[in-house]
Amino acid sequence: MDATRTYIGEIARRVGERVTVRGWLHRRRSSGRIHFLTVRDGTGFVQVVLSKAAVGDDTFAQADHLGQETSLIVEGTVREDARAPGGYEIDGTGLEVVGASHDYPITPKEHGVDYLLDRRHLWIRSRRQQAILRVRHEVIDAIRDFFNGRGFILADTPIFTPAACEGTSTLFPVPYFDDRTAFLTQSGQLYNEANAMALGRVYCFGPTFRAEKSKTRRHLTEFWMVEPEMAYATLDDAIDLAEALVIAIVSRVLEARREELGVLERDTAPLERVQAPFPRISYDEAAEMLRKRGRPFEWGGDFGGPDETALAESFDRPVAVHRFPSSTKAFYMKPDPERAELSLSVDVLAPEGYGEIVGGGQRLDDYDLLLERIAAHDLPREAFEWYLDLRRYGTVPHAGFGMGVERVVAWLCGLEHVRETIPYPRMLYRLTP
Ligand code: 4AD
Ligand code: MG
């Protein structure tokens, strides 16, 4: 064959050339003497026009029986066609079936979400799911570029950990050899703090685990979190960094993934408004706003999902809420020197009801107070001796945060639920496929 192998995503550069495309049959329509095959190869979708005259009787008859998701190699000439979806078509001259597919379980008709989740390994082949996963890829790539471009060092933190970071109620225990129990990490933060004392500005980026018994549209039991940590930094530095990161991600996705956002029918106008500066309000102000909106909110509590949605409605871009009561936050939060009952913490809430996408703040850098907090939270001191060392040997003010990839992708794609933002979601009632 003298045809050039091409990917559908590059077809615009191949107009007039003879090419082969290797992919799968997405859809087939036939009208007597012509088959219209929509072929996908992971980089895009293209319509292949197969006429009896061009391919001969045998190949044409073979195409009569191709089922959805048959893997195949088509050969043909690329033609620009303004009426074709995507702007190009292939006039087919040859067809080779690689692997048959009969009775593919996901058809163009509507299926329930449980049915689809049970077949997630196939569902990801659909146009929408591919678009979401491509946006996810772009978000992750934008995050890496953001930190690498600013001199942060990627320092990986362990997944097997001996103790809790974010509270003992959401730990997944794992038998660890003969007599020990390890826990899947809830956050790399504590190790990140040690890494920051070594390398200055660091980040970790990996899967984290929460045994969340909640069945909400924002929670997974396994999710990906990026966590930067900076030595010699304050709460304000962490907020500035979170703002810059969110803006970098949104503008990158708007620039590089317009087509995918189009497939998802995402209204991009609210995303275009994600510009600096983000409003910054204190927890006190947020509580007051909720009361004014008639929500039954008691000072001292954490915000629930509907509270976050109500707060975000007052702003046209993400909002940073800072200085939560210490009682709502983890043991490592530094108290506000001006009001000891508050912590130097921040949550960034996404617009349009997507809730908290970033959580972080300034860390407790004082040895005695940290020791008190570990005791007050009933945490085993032995497990935190190494962490206390960071306050024994050259402690400095430091700050950082965690951002959940799935919540950001759900927001950017305008999805109902985070379960579609990761190839294989893990939730309270779902461990398969
Ligand atoms: O607010 P969280 O619990 O903060 C921490 O874990 C800190 N130790 C991070 C740090 O300061 N280094 O989680 C951070 C973010 C949330 O804002 C949210 O985006 C995401 O992680 N997240 C979840 N995403 C999906 N499912 C869950 N169950 C999540 N829990 C948190
Ligand atoms: Mg949080």
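Note that the structure is predicted; figures quoted are calculated from it, not measured.

About the criteria used
- Residues numbered from 1 in each chain as written.
- Chains lettered and ligands numbered in written order.
- Predicted model: local features only at pLDDT ≥ 70, side-chain atom pairs only at ≥ 80, totals over all residues.
- Heavy atoms only, no water.
- Near = heavy atom within 4 Å.
- Polar contact = N/O pair within 3.5 Å; in protein donor to acceptor, adjacent residues only side chain to side chain.
- Helix = DSSP H or I, 4+ residues; strand = E, 2+ residues; numbered from the N terminus.
- Contact = heavy atoms within 4.5 Å.
- Salt bridge = Lys/Arg side-chain N within 4 Å of Asp/Glu carboxyl O.
- Buried < 20%, exposed > 50% of the residue type's maximum accessible area, 1.4 Å probe, protein only.
- Arc of directions from axis to C-beta.
- Axes fitted to C-alpha atoms, helices over the stretch in contact; angles between N-to-C directions.
- Parallel < 35°, antiparallel > 145°, perpendicular 65-115°, else oblique.
- Left-handed = near helix turned anticlockwise from the far one by under 90°.
- Nonpolar A, V, L, I, M, F, W, Y, C, P; charged D, E, K, R; others polar.
- Pairing = 2+ DSSP bridges.

### Things to note about the site of ligand 1
Here comes step 1: Lining the immediate surroundings of ligand 1 are 22 residues, of which Glu166, Gln189, Arg210, Glu227 and Glu356 lie closest.
Here comes step 2: Glu166 places a side-chain nitrogen or oxygen 2.6 Å from a nitrogen atom of ligand 1.
Here comes step 3: Elements supplying a minimum of two residues to the shell around ligand 1: β12 (222–231), β18 (355–362) and β19 (398–404).
Here comes step 4: A per-element tally of the shell around ligand 1 places β18 first, with 5 residues.

### Observations concerning the environment of Phe172
Here comes step 1: Among the secondary structure elements, Phe172 is positioned in the loop between β8 (160–161) and β9 (173–176).
Here comes step 2: Along the sequence, Phe172 and Ala242 sit 70 residues apart, while their C-alpha atoms lie 28 Å from each other.
Here comes step 3: Excluding residues within four positions of it along the chain, Phe172 makes contact with Ala182, Phe183, Leu184, Phe209, Arg210, Ala211 and Thr221.

### With respect to the pattern of salt bridges
Here comes step 1: One pass over the structure, following the stated rule, counts 37 salt bridges.
Here comes step 2: For Glu352, the salt bridge identified is with Arg266, shortest N-O distance 2.8 Å. Highlighted residues: Glu352 in the loop between β17 (345–350) and β18 and Arg266 in the loop between α7 (258–263) and α8 (269–272), separated in sequence by 86 residues.
Here comes step 3: Overall, Glu352 belongs to the partly exposed group, its relative accessible area being 39%.
Here comes step 4: For Arg339, the salt bridge is made with Asp284, and the minimal N-O distance between the two is 2.6 Å.

### Focus on helix α11 (residues 367–376)
Here comes step 1: Three or more residues of α11 are buried, namely Leu370, Arg373 and Ile374. Relative to the axis of α11, the buried residues are bounded by an arc of 100° and lie together on one face. Exposed and facing more than 90 degrees away from the buried side of α11 are Asp368, Glu372, Ala375 and Ala376.
Here comes step 2: Close packing links the buried residues of α11 with β15 (335–336) and α12 (385–392).
Here comes step 3: Within two residues after α11, Asp378 carries a phi angle of roughly 60°, on the positive side.

### Details of the packing of helix α4 (residues 127–149) against helix α13 (residues 405–413)
Here comes step 1: Axis separation between α4 and α13 bottoms out at 10 Å; the angle between their running directions is 125°. In terms of orientation, α4 lies oblique with respect to α13. By crossing handedness, the relation of α4 to α13 is classed as right-handed. For the pair α4 and α13, the contacting residues are Ile132, Val135, Arg136, Val139, Ile140 and Ile143 in the first and Val405, Glu406, Val408, Val409, Leu412 and Cys413 in the second.
Here comes step 2: By residue class, the composition of the contact of α4 with α13 is 10 nonpolar, no polar and 2 charged.

### Here we look at the pairing of strand β6 (residues 88–99)
Here comes step 1: As judged from the 3 bridges shared by strand β4 (residues 45–51) and β6, these two strands associate in the parallel manner. Across the sheet, residue Val48 finds its bridge partner in β6, namely Ile90.
Here comes step 2: Here strand β5 (residues 71–80) runs beside β6; their pairing, made up of 10 bridges, is antiparallel. From the neighbouring strand, Glu80 faces β6, where its bridge partner is Tyr88.

### Section: unusual backbone geometry
Here comes step 1: Ala276 connects to Pro277 through a cis peptide bond whose omega is -5°.
Here comes step 2: Assignment of secondary structure puts Pro277 in the loop between α8 and β13 (280–282).
Here comes step 3: Following Thr432, the chain continues into Pro433 via a peptide bond in cis, with omega recorded as 0°.
Here comes step 4: Positive phi outside glycine occurs at Asp103, with the angle close to 50°.
Here comes step 5: Within the element layout of this structure, Asp103 appears in the loop between β6 and α2 (113–118).
Here comes step 6: For Asp103, a relative accessible area of 77% corresponds to the exposed category.
Here comes step 7: In this structure, Asp378 is a non-glycine residue whose phi angle is positive, near 60°.
Here comes step 8: Inspection of the secondary structure puts Asp378 in the loop between α11 and α12.

### Here we look at the pairing of β18
Here comes step 1: In terms of burial, β18 is largely enclosed, as 6 of its 8 residues are buried.
Here comes step 2: One ladder, built from 6 bridges, connects β17 with β18; its direction is antiparallel. Note that in β18 the partner of Ser345 across the bridge is Gly361.
Here comes step 3: Adjacent in sequence and paired antiparallel, β17 and β18 are bridged by 4 residues, among which Glu352 carries a positive phi angle near 60°.
Here comes step 4: Across 5 bridges, β18 lies against β19 in antiparallel orientation. Bridge assignment links Gly359 to a residue of β19, and that residue is Gly402.

### Some points on the sheet that holds strand β10 (residues 180–184)
Here comes step 1: Reading across the sheet, the 3 strands line up as β8-β10-β9 and stay open at both edges, with antiparallel pairing between neighbours. Strands at the two margins of the open sheet, each flanked by one partner only, are β8 and β9.
Here comes step 2: The pairing of β9 with β10 spans 4 bridges and is classified as antiparallel. Within β10, the residue paired with Pro175 across the bridge is Thr181.

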